[in-house]
Protein chains: 2
Amino acid sequence: MEKIGRTKIVDLFKREDFGAVVNVKGWVRTRRGSKQVNFIALNDGSTINNVQVVVDLANFDEEMLKLITTGACLSVNGVMVESVGSGQKVEIQAREIEVLGVCDNTYPLQKKGHSMEFLREIAHLRPRTNTFGAVFRIRHNMAIAIHKFFHDKGFFYFHTPLITASDCEGAGQMFQVTTMNLYDLKKNEAGSIIYDDDFFGKQASLTVSGQLEGELAATALGSIYTFGPTFRAENSNTPRHLAEFWMIEPEVAFNDILDNMDLAEEFIKYCVKWALDNCADDVKFLNDMFDKELIERLQGVLKDDFVRLSYTDGIKILEDAVAKGHKFEFPVYWGVDLASEHERYLVEEHFKRPVILTDYPKEIKAFYMKMNDDNKTVRAMDVLFPKIGEIIGGSERESDYNKLVARIEELHIPMKDMWWYLDTRKFGTCPHSGFGLGFERLLLFVTGMSNIRDVIPFPRTPRNAEF
Amino acid sequence: MEKIGRTKIVDLFKREDFGAVVNVKGWVRTRRGSKQVNFIALNDGSTINNVQVVVDLANFDEEMLKLITTGACLSVNGVMVESVGSGQKVEIQAREIEVLGVCDNTYPLQKKGHSMEFLREIAHLRPRTNTFGAVFRIRHNMAIAIHKFFHDKGFFYFHTPLITASDCEGAGQMFQVTTMNLYDLKKNEAGSIIYDDDFFGKQASLTVSGQLEGELAATALGSIYTFGPTFRAENSNTPRHLAEFWMIEPEVAFNDILDNMDLAEEFIKYCVKWALDNCADDVKFLNDMFDKELIERLQGVLKDDFVRLSYTDGIKILEDAVAKGHKFEFPVYWGVDLASEHERYLVEEHFKRPVILTDYPKEIKAFYMKMNDDNKTVRAMDVLFPKIGEIIGGSERESDYNKLVARIEELHIPMKDMWWYLDTRKFGTCPHSGFGLGFERLLLFVTGMSNIRDVIPFPRTPRNAEF
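Residues numbered from 1 in each chain as written. Chains lettered and ligands numbered in written order. Predicted model: local features only at pLDDT ≥ 70, side-chain atom pairs only at ≥ 80, totals over all residues. Heavy atoms only, no water.

Going by the annotation in an unreviewed UniProt entry, the name recorded for chain A is Asparagine--tRNA ligase, with Bacteroides faecalis given as the source organism. For the record of chain A, the UniProt heading Catalytic activity (unreviewed entry) holds the text "tRNA(Asn) + L-asparagine + ATP = L-asparaginyl-tRNA(Asn) + AMP + diphosphate + H(+)". The Subunit (unreviewed entry) field of the UniProt record for chain A holds the comment "Homodimer." (UniProt positions renumbered as here; feature names shortened; annotations may be inferred.)

Caption draft 1: A look at the overall build of chain A. In terms of helices and strands, chain A carries 13 helices and 16 strands. Principal axes of the C-alpha set define a box for chain A whose edges measure 85 × 60 × 45 Å. The burial tally for chain A puts 60% of its 467 residues in the buried class. Taking as baseline every contact in chain A between residues at least 6 positions apart, the subset at least 24 positions apart corresponds to 66%. Total accessible area computed for chain A in this model is approximately 18600 Å², and 47% of it derives from carbon and sulfur atoms. Once the 56 positive and 69 negative side-chain charges of chain A are each reduced to a mean point, those two points are 4 Å apart. (Helix = DSSP H or I, 4+ residues; strand = E, 2+ residues; numbered from the N terminus. Buried < 20%, exposed > 50% of the residue type's maximum accessible area, 1.4 Å probe, protein only. Contact = heavy atoms within 4.5 Å. Areas by Shrake-Rupley, 256 points an atom, 1.4 Å probe, with all protein chains shown as cover. Lys, Arg positive; Asp, Glu negative; His and termini not counted. Charge placed at Lys NZ, Arg CZ, Asp CG, Glu CD.)

Caption draft 2: Representation of the interface of chain A and chain B within the structure. At the junction of the two partners, chain A supplies 111 residues and chain B supplies 111 residues. For the pair chain A and chain B, the number of links is four salt bridges. Measuring nitrogen to oxygen at the nearest pair gives 2.9 Å for the salt bridge that ties Glu-466 of chain B to Lys-202 of chain A. There are 43 residue pairs in polar contact (both at pLDDT 80 or more) connecting chain A and chain B. Broken down by element, the residue count for the side of chain A that touches chain B peaks at 10 residues, all from helix H4 (residues 130–152) of chain A. Looking at the side of chain A that touches chain B, its residues break down into 58 nonpolar, 32 polar and 21 charged. Two strands pair when backbone bridges link them, and strand E8 (residues 176–178) of chain A and strand E8 (residues 176–178) of chain B are joined in this way by three bridges, in the antiparallel orientation. Note that in E8 of chain B the partner of Val-177 of chain A across the bridge is Val-177 of chain B. (Salt bridge = Lys/Arg side-chain N within 4 Å of Asp/Glu carboxyl O. Polar contact = N/O pair within 3.5 Å; in protein donor to acceptor, adjacent residues only side chain to side chain. Nonpolar A, V, L, I, M, F, W, Y, C, P; charged D, E, K, R; others polar. Pairing = 2+ DSSP bridges.)

Caption draft 3: Representation of the domain arrangement of chain A within the structure. All names here are of chain A. Taken domain by domain, chain A comprises domain 1 (7–99) and domain 2 (124–305 + 352–452). Its C-alpha centre places domain 1 at a distance of 45 Å from the equivalent point of domain 2. In this complex, domain 1 contributes six residues to the contact, which on the side of domain 2 involves eight residues. Together, the buried faces of domain 1 and domain 2 total about 560 Å²; carbon and sulfur atoms form 39% of this surface. If you sort the residues of domain 1 by the area they bury against domain 2, Arg-29, Gly-45 and Ile-48 come out on top, with a joint share of 76%. Joining domain 1 to domain 2, the criterion identifies zero salt bridges. At the boundary of domain 1 and domain 2, one finds four residue pairs in polar contact (both at pLDDT 80 or more). Of the residues in the side of domain 1 that touches domain 2, the class split is one nonpolar, four polar and one charged. (Domains from an automatic or database assignment. Buried area = accessible area lost by both parts, 1.4 Å probe.)

Caption draft 4: Summary view of the pattern of salt bridges. All names here are of chain B. Tallied over the full model, the rule gives 60 salt bridges over all chains. One salt bridge connects Asp-152 with Lys-148, and the closest N-O pair in it is separated by 2.9 Å. With a gap of four residues between them, Asp-152 and Lys-148 both fall in helix H4 (residues 130–152), about one helical turn apart. You can call Lys-148 partly exposed: its relative accessible area is 37%.

Caption draft 5: Local environment of the pairing of strand E10 (residues 223–231) of chain A. All names here are of chain A. Taken across its nine residues, E10 has nine buried, putting it largely inside the fold. Across two bridges, strand E6 (residues 156–157) lies against E10 in parallel orientation. Paired with Phe-156 across the strands is Ile-224, a residue of E10. In this sheet, strand E11 (residues 244–253) lies alongside E10 in antiparallel orientation, the contact comprising nine bridges. When the sheet's bridge partners are listed, Gly-228 is paired in E11 with Met-247.

Caption draft 6: Quick look at the confidence of the model for chain A. Confidence in the prediction of chain A, expressed as mean pLDDT, is 96, and 99% of residues score 70 or more. The complex prediction reports pTM at 0.97, with the ipTM value standing at 0.97. (pLDDT = per-residue confidence, 0-100.)

Caption draft 7: Representation of the sheet that holds strand E4 (residues 73–82) of chain B. Residue and element names in this part refer to chain B. Taken together, the five strands give a closed barrel; going around it, the order is E1-E2-E3-E5-E4, and neighbouring strands pair in mixed fashion. Each strand of the sheet is rotated relative to its neighbour by a mean of 55°, with strand direction disregarded. Bridge count for strand E1 (residues 21–33) against E4 is seven bridges, and the pairing is antiparallel. Bridging across to E4, Asn-23 finds its partner in Asn-77. (Axes fitted to C-alpha atoms, helices over the stretch in contact; angles between N-to-C directions.)

Caption draft 8: Broad picture of helix H8 (residues 294–303) of chain B. Residue and element names in this part refer to chain B. The complete set of buried residues in H8 reads Leu-294, Arg-297, Leu-298 and Val-301. End-on view of H8: buried residues confined to an arc of 100°, all on one side of the axis. Away from the buried face of H8 by more than 90 degrees, exposed residues Glu-296 and Lys-303 are located. Residues of H8 that are buried in the fold lie against helix H6 (257–278), helix H7 (280–289), strand E14 (377–385) and helix H13 (439–447). (Arc of directions from axis to C-beta.)

Caption draft 9: Highlighting the relation of the copies chain A and chain B. Overlay of chain A on chain B (RMSD 0.0 Å): rotation 180°, translation along the axis 0.0 Å. Taken together, the turn and the small shift mark the pair as related by a two-fold rotation axis. When C-alpha distances to the rotation axis are compared across chain A, the minimum falls at Val-177 of chain A, with a value of 2.4 Å. The overlap is high: 100% of the interface residues of chain A also sit at the interface in chain B, so the same surface is used on both sides. (Least-squares fit on C-alpha atoms with pLDDT ≥ 70 in both.)

Caption draft 10: Quick look at the side chain of Asn-77 of chain A. By the element assignment, Asn-77 of chain A lies in strand E4 (residues 73–82). At 2.8 Å, the side chain of Asn-77 of chain A and the backbone oxygen of Glu-2 of chain A are in polar contact.

Caption draft 11: Representation of the packing of H8 of chain B against H13 of chain B in the model. All names here are of chain B. Closest axis-to-axis distance for the H8/H13 pair is 8 Å, and the angle between their directions is 120°. The pairing of H8 with H13 is recorded here as oblique in orientation. Each of Leu-294, Arg-297, Leu-298 and Val-301 in H8 lies in contact with H13, whose residues at this interface are Phe-445, Val-446 and Thr-447. Counted by class, the contact of H8 with H13 contains five nonpolar, one polar and one charged residues. (Parallel < 35°, antiparallel > 145°, perpendicular 65-115°, else oblique.)

In structure tokens form, the structure reads like this:
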């Protein structure tokens, strides 16, 4: 076979030098045709669109042709010609075909129309489907948009540790990390496990948030963001929970709560706009196949300013709705931690656009949030989105050393774990703010997928760590 | 104090509208001067360069002035004027100063000239030093360069899982991840721990590489890269080992070993050039303070093509050197796993430029590498760098199902863990290649730092998981 440099299919569709001899490589999606001519739909993962390869059967070896089945991997040399029937501008008239890898009829993706549940069981192969190809190309693009957004603004990407010896946030259960031999645990006389022999010489876990370390960085480098894996050992088998997920946590010195809201709104609009601008084919596919309102919902977010509303005013709206007969599953009262149904009511029914809810009761928020003068509420801000509910949670941080210490004592957080965090308030403290975005939450919104297990390549959930 | 929008110091130095009234915020690095005029060097982390704030003492409150100590956080309104003495084009004549955060004399960074060991103990504050500010800004820039390089080439960023239930690589010891109560481990009659109650229903660990999952993605999406944390539970207390580090692993369908070498060379040159082009101030600082040959070494890498040499020829050169009287600590013979001293001899003494060594004995490389026709060597490629030794390791992968199975059996790798990986060879297999770059190895090279604990914010090493 003549050696010709490979053209990716996504690049082929941009070319207009019809008549050129090109090489494409990829996997057979379908093959159909007559006894004279066959049409092979070839996909190489670079785009959701297949290139049509036209095969004049008389020119090819019969035994080779038998190997061209769904899933087989081909290298094709041929002439690039204008296409009328293939749905694309370009198709290829095959001159030479090499079968790089055969694919027999045990291939699980031969037939179409598999359930999402089945595809999760073959997560090692599902990136080869149109749906997951689209989802994972969008996932890539969202990651790139995030880095570009922050880099262009002069933020520094900061890697906070995954393994940690302190549970400062106390946010749910953690995974323990150990190299001890579980068959031979050393214990002291009181029966306590001696961690001296463990890898880190003490008990260690997987982080639930990089925020506290992010604050260390922000009070040195100014503006930083994290983007890395985060872990929760909650036994939650829902379409919204993962044990291992990716978080983005910007933290900015000198930003107050208003700056923080501006940043969050600009940031998430940037990401959504990036998806519409750079993933048009993939978004359109998901819109047509799964969620007919997807594109409209994405465009909707970009249209208006987000509503900014205090928690207290939000509760009033919800109480009014209840008074007027709206039924919620969970009760509504000042002090309650809002459920997704409440958040979505505000966004989808009442305002019909995203809402930033602020100034929550201190009891339902973390210790590090800045106390308001009322001593009842803190400068928290949650961004609420249609279909998703809370997509971003953040706050201005308490920058006053004494107030922070008082709050830590009030909540009985062990002070011995907090000395390094408190040092930021002790030595040149400054106002600062930040927020966290669950990457997979963003992806649920942007792809229209309804289960969080379908926007991450290999989901980790209770009883599932396959592949 | 009048409210004026903040200008980051890095942006201030780009302005030329002298006479403008500006606001800067940052931390005091030094304060000196006479009884009439003081000069405050202010840094906000956006650049290694301080802005000089000129304070006419007569205009300010004496009590406030006392609070302007090293480490204090200030907000300064003032007039931007051309500077002659400050080392920068711009300085600020203060009109108003607000002390946002005081800093007393217990601040550990008051005096200069701390040892790197001491700074590691206060890793929560060290980003505030010139050295670590420079290192972490470069770290950010290298991450951005990596994403930009691959995105521009049409690669997709792919998140492989951190928690895994299989140890396919068998590359060293792994950390176990568990939610079991270690005080109440369930065992069966034979005395084996029953993992049924553990979070994932089986024994789980932290990944040592995302490569195998990366191959799944490459054989679907074409060209992918990973960039995420990786873990090794080796008890190695050396300046080159971390228990938690970041890896970049590109994997490309249809690339052979030659394409792979081209990609690796282009990639690493791109990163080094990015550092020289975009981190000039920080690189120069590190060059002047720590490593006078740093810039020369970085430029050296860009100058020439890397040498490409087989392992067998490399061994001959080393054996010649030994014959001529060169002393190595470790023996040299065909079949040996090269030590850093051997790699550096080839690079620094013999060729005086980077070397890509290929076709290693199969015994010292992983099972998934493509066997050469000699049945003795595999299509591995290691990129060897001055000062660092191996900076990249990669290979063309074995794409033949039967050969791969034979190799897995030969090495007694449990086949039951490998079914999903083997499926890529069973269904539409294709030639493909990839490599891994340890992010911190790249940073050691680019920053000139000599201990890997000084290029990651919070190093995890034996007996150390602080902050």
